[in-house]
Amino acid sequence: MADQVAAMCDQLIKAVNVMMDAETSQIYRLEALKFCEEFKETNSLCVPCGLQLADKAQPAVIRHFGLQILEHVIKFQWNNMQQQEKVQLKECAMQLLSNGTHSILEEESHIKDVLSRITVEMIKREWPQHWPDMLKEMEALTGQGAQTELVMLILLRLAEDVITFQTLPTQRRRDIQQTLTQNMESIFSFMMAILQLNVEDYRKMNLARAHCRVAVATLNTLAGYIDWVSLVHITSGNCHLLEILCLLLSEPELQLEAAECLLIAISRKGKLEDRKPFMLLFDDVAIHYILSAAQAVEVVERRYIFLKRLCQVLCALGGQLCSLVGSDVEVEVPANLSKYTEALLAFTTHSSQFLKSSTLATWGALFRHETLSKDAVVVEMAVKYLRACMTNLVKAGFPSRDDNPSCEYSRVDFDSDEDFNSFFNSFRAQQGEVVRSACRIVPLEAFQIAAEWLQYQIASPIDIGDTTSKTAEGLCSLLSPSVVQWDAVTVFMECMVAHIFKSLEEEKLPIDQSMELLQAVLNYETKDPLILSCVLTNVSALFPFVIHRPHFLTQVLYKLFKAITFDIGQDNKVPRTRAVKNVRRHACSSIIKICRDYPQFILPCFDMFYNHVKKLFSSDTTLTHMEKCSLMEALVLISNHFKDFAKQKAFLDELMASVVAEWTSDEMRQLCCGILFCLYAMLGVVKRARWPADLEEAKAGGFVVGYTPAGAPIYRNPCTAQFLVLLPNLLALIRTHNSLFVPENMARLSETFSRAHEVMDAEKNVVLGLPQHLLDIYDSPVYRTNLERMQGFFTTLYDNCFHVLGNAGLSLQQEFYTIERLAEEIAGSAFVSLDHVPDHRLRPMIHILIYFRSITITTFFTMQLVLSCPQEYYDSLLCPLLGPLFTYMQLNVKWQVINQRTSINQVTQEMLEEQLVRLLTREVLDLLGIVSSFCLKCSCIEEDMMMDSVQTVSPAQPTDELTELGKCLMKHENIYMSLLTLSFTSLSWKDTSNCHRTASMVCWTLLRQVVGGNLLPEAVTWFYTSVLRGLQVHGQHEVCNSTLSQLAMLIYENLRPRYMELRAVMTQIPNISVEGLDQYDRRLMDPNAQKVGDKKRKDQFKKLIAGTVGKALCQQFRKEVHIRNLPSLFKKPKSDKDLQNSGEPLGLAALFVPGE
């Protein structure tokens, strides 16, 4: 036996050396690996060989392999071993722990790790039932000194496996967790004693590395327990543990681990009463140690990580403070609140942008807190915080630069300038929220800070720095010092003004100071486009004050109109830079915003406004189509307040006369630019023209033409006449555009324009989620190739056509839906050649039927046909449109192509195609949800063409019944079956979010309508197998597993009594328990059978269909580990006594005796 073991060990050592030798060829390495793996799986000498190889006389790599063999035996062969073999292996493992390692400083960390794994694997299988003295044995090991670290590693890994990762069967996990909990007081006392002993020895001895190592291991183990043990253990002894952790913050070698323990402890949730002791950390001693630990400024990685943890500790402490103060547990505001807030402010003013950002949530909570926000300390700190924002809002600290102390920290935190820029944009948005909260507390002080800062910027000379513009001498770039300062003060000003009107009564508003400030901004002149853009934002931000001083209106409009024609005096042949374009668009947006928000204020100036626009149109040939149409939109917004239908219609006739003439002319067929201008103008007018919101004003102005049978008024829109004239050519244009995708027309494209209908590069990056280049392109002329111009033209053309159609339903309402043969006209244009239209063009067409969602924000900005269509037009309009649409959609074919791909050859192109199919699918299923089970409450407020206007819409909620539209569609069998087929087929497409939404909100809502009818057995089988197929694809995701299992159970329980075929499907599920299925069926079919609770029924059904659940790719080839349950520890013994027949009095009768 010994000779066999020795010979086998020699072979294994040779194999391991071959594997680990860098010079070994791949063939030999694979053969050696195969030999080792086969040995672990099949050889009976695993244990003796493993023990011999693990001897500490062997090299570390051989010892590690020997210990791996033992771990493999325990994980995969333990259940087949005799009890004596188990005991022997356990004793050998304990011997290895005791004597099988080198000293703590010499031993390799991977040897310690595998030794702890071996021990924990045995504990998971045997403790506490078959190894009751395990904790005592561990405690005995610590008496030997060097083994204390190993014991801590074992306790930590045990907590991770049982609590954090939960890698055990439920009963085993429960047994171990309950035993740990029962012994937690002694375990904590044991760990605390070890920690204190080693910290004391570490401080006393010169050669204290061993004690330091043990202390670090103990702190790491404590961190693994603090997260889940009862708060009593953390706060016992007047928070003795937290006191020790605070003291350790001053020890450089231990402070990081101590801070992590402290962070986990203070971040704990639970009953407020249990968390009350955390307030002891606001005492002088604790605050002193926390403040002292934060004093260093060097950028050493470990030290910087510690500062991050310490900052998080302070923030978590602030979270506890906000939870406890003002609650039922009656906690007073701590006396040391000023010290705490000063410490928090120190992190807020630190050079690291990451540390600054970490404090924002805590400041926001303090400033919003009902009690703390009124405390004098917090009020004073709000002013200091706002002054700190004057630095924090400045975009500085790019890792590639060295112009700011933040740069050094950014190189640790961010991989690139793009990463930093993305972070800072989010950071600044969060800062804006906190600034608004602070302004609520100190509005006048906030205004004073903003005014001083803005006045300073106005008076300061422009500093272009060392990163000048590429297009003109003396112009700034995005990183120029003046630009980043102007940008910061602009953000601050917007946040401040937005809240000062909410926080102060009208008579307390600083009107005179604000007008003085506005006058300084209006007088400020600059030719730098980046700075001028900030100036315009400040003008818009201060405009609410103009309401109180109307004579400033003319100056404001003059400033904005002047910016619309802004240029930097370049040669007209050179395209404008993005910065110049943004200034002009910014001015247009500002005018639209003013006209939208303050139309009554602008109305007296309408004639002057209109004349100036006409003068601009006739004299300035550099205005773009979008700029012209923006000014037209502004005029329409003001005209909505004429409150006179005839007057507004006459104005719109005049405004649109040239557009109508050009759109309906024969020459329109040759003028691409003219087409785009007409579309922009149509969209602007249709989107903006409205009747008065007040019914009486609408009636007086001639906007009401009748009432519906339900008594609702029927309005007329003053732009209807123009729209009806423009509609035929609009539909013809859509039809023509769709026809361009027919193969014979695509073949006629020249080589130059062969890609004219493909996705534009910018849109491609958005679809794929690729970052945009942010710095070097902003001030470069926007040169575009002929191909890019044509791609942009077709994209804009197609999108705007559908935008006009979608907005028409919302704006014109009855006048739009009563257009003769509207459904046939739309189907004859939008649905022409639909089989050939690419996915990126299909999306706008779906948008007209539901809504268009902005890529950058999650709010709705155009409510479309389905949502705005009155119920009486469902049959005449929506059914003829939705039927063909769902028939045309070849989504199943597209997903079959994606599912069959085994690899992606052309990375970008195939990824793009897949993502477009995914996005199109989501929008189609959104539409499916709307027509079946979603109930959307839409707030139809107008939005701007060029601005991301924020508008809230209630989220979709599933309903038990079909919507009225769904009931209407149900009358058309072909449409209804298309909906059912699409929804159930989509469950197995590789898109988990689609699967979850459709399974939870659509499938059953549709199917339940026909459950009582005469469905074909084949159809029932197909519906059910579709759900099981979905489980096979998505079952490894818990959310999808839950919704699909629920859907499968609903179908089975409702249809199984009438369709035996469902049982046949169930019997084909791998590893199904036929006995369990019989029992489930018996309870389902037999009305007299004993019923079980919903939860138990669901669990039983999930067990039955568990064989259909697919595994994730990473789990498919993993060898299963089986851990057997041990006899239950906590089973209550059943009483043999029959109380009913015992004859003994139960005492119940005495309850009803009078006088008792």
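Residues numbered from 1 in each chain as written. Predicted model: local features only at pLDDT ≥ 70, side-chain atom pairs only at ≥ 80, totals over all residues. Heavy atoms only, no water.

Draft legend 1. Geometry of the overall build of the chain. Secondary structure summary: the chain contains 54 helices and 4 strands in total. Counting only residues that meet the buried cut, the chain has 51% of its 1156 residues in that class. Counted over contacts in the chain with a minimum sequence separation of 6, partners at least 24 positions apart contribute 75%. Carbon together with sulfur atoms contributes 52% to the accessible area of the chain, which is approximately 54,300 Å² in total. (Helix = DSSP H or I, 4+ residues; strand = E, 2+ residues; numbered from the N terminus. Buried < 20%, exposed > 50% of the residue type's maximum accessible area, 1.4 Å probe, protein only. Contact = heavy atoms within 4.5 Å. Areas by Shrake-Rupley, 256 points an atom, 1.4 Å probe, with all protein chains shown as cover.)

Draft legend 2. The confidence of the model for the chain, seen in detail. The share of residues in the chain with pLDDT of 70 or more is 89%, and the mean pLDDT across the chain is 86. Contacts from residues 851-863, a stretch scored under 50 in pLDDT, to residues over four places away or in other chains number 37 contacts. Overall, residues 934-959 carries pLDDT values under 50, and its contacts beyond four positions in sequence, including any with other chains, amount to 71 contacts. (pLDDT = per-residue confidence, 0-100.)

Draft legend 3. How the structure looks around the side chain of glutamine 129. With respect to the helices and strands, glutamine 129 occurs in the loop between helix 6 (109-126) and helix 7 (134-141). Of the polar contacts made by the side chain of glutamine 129, one reaches the side chain of aspartate 175; its length is 3.0 Å. The residues contacting glutamine 129, other than those within four sequence positions of it, are Arg172, Asp175, Leu1126, Pro1127 and Leu1129. (Polar contact = N/O pair within 3.5 Å; in protein donor to acceptor, adjacent residues only side chain to side chain.)

Draft legend 4. Molecular detail of the environment of methionine 632. For methionine 632, the location among the structural elements is in helix 31 (residues 625-639). When near neighbours in sequence (up to four residues on either side) are disregarded, methionine 632 contacts Phe617, Leu655, Met656, Phe677 and Ala681.

Draft legend 5. Expanded view of the pattern of salt bridges. With the rule as written, the count across this model stands at 47 salt bridges. Lysine 90 is the partner of glutamate 137 in a salt bridge, and the nearest nitrogen-oxygen pair spans 3.7 Å. Taken together, the residues glutamate 137 in helix 7 and lysine 90 in helix 5 (residues 83-99) connect sequence positions 47 residues apart. What makes glutamate 137 partly exposed here is its relative accessible area of 24%. Note that arginine 1063 and aspartate 1078 form a salt bridge whose closest N and O atoms lie 2.5 Å from each other. With arginine 1063 in helix 52 (residues 1061-1067) and aspartate 1078 in helix 53 (residues 1074-1085), this pair connects stretches of sequence that are 15 residues apart. Overlapping salt bridges, with partners in common, bring together Glu71, Asp113, Arg117 and Arg157 in one network. (Salt bridge = Lys/Arg side-chain N within 4 Å of Asp/Glu carboxyl O.)

Draft legend 6. Fine view of the nonpolar core. Tyr225, Phe609, Phe984, Leu1007, Tyr1024 and Met1066 are the most contacted members of the largest nonpolar core, which has 359 residues in total. In terms of residue count, helix 16 (residues 301-324) provides more of this core than any other element does, 13 residues in total. Grouped together as the second largest cluster of nonpolar side chains are 6 residues, Phe645, Ala698, Val704 and Tyr715 included. (Core = buried A, V, L, I, M, F, W, Y, C linked by side-chain atoms within 4.5 Å.)

Draft legend 7. Inspection of the packing of aromatic side chains at higher detail. Summed over the entire model, instances satisfying the criterion amount to 38 aromatic pairs. On the basis of an interplanar angle of 50° and a centroid distance of 6.3 Å, the ring pair of tyrosine 1052 and tyrosine 1080 is categorised as tilted. Separated by 28 residues along the polypeptide, tyrosine 1052 in helix 51 (residues 1038-1055) and tyrosine 1080 in helix 53 bring together distant segments of the chain. Residue tyrosine 1052 is classed as buried on the basis of its relative accessible area of 0%. Through successive ring pairs, a cluster of aromatic residues spans Phe398, Phe414, Phe420, Phe423, Phe424 and Phe427. We note lysine 628 situated over the ring of phenylalanine 677; from NZ or CZ to the ring centre the distance is 5.8 Å. Directly above the aromatic system of phenylalanine 642 lies the positively charged group of lysine 647, at a separation of 4.5 Å from the ring centroid. (Phe/Tyr/Trp six-rings, centres within 6.5 Å; stacked < 30°, edge-to-face > 60°. Lys NZ or Arg CZ within 6 Å of the ring centre and 35° of its normal.)

Draft legend 8. Geometry of the packing of helix 47 (residues 973-985) against helix 50 (residues 1017-1034). Two elements in contact, helix 47 and helix 50, have axes whose closest approach is 9 Å; the angle formed by their N-to-C orientations is 30°. Here helix 47 is positioned roughly parallel relative to helix 50, judged by the angle of their axes. Packed against helix 47, whose contacting residues are Met977, Leu980, Thr981, Phe984 and Thr985, the element helix 50 presents Trp1022, Phe1023, Ser1026 and Val1027 at the interface. Among the residues forming the contact of helix 47 with helix 50, the class breakdown is 6 nonpolar, 3 polar and no charged. (Axes fitted to C-alpha atoms, helices over the stretch in contact; angles between N-to-C directions. Parallel < 35°, antiparallel > 145°, perpendicular 65-115°, else oblique. Nonpolar A, V, L, I, M, F, W, Y, C, P; charged D, E, K, R; others polar.)

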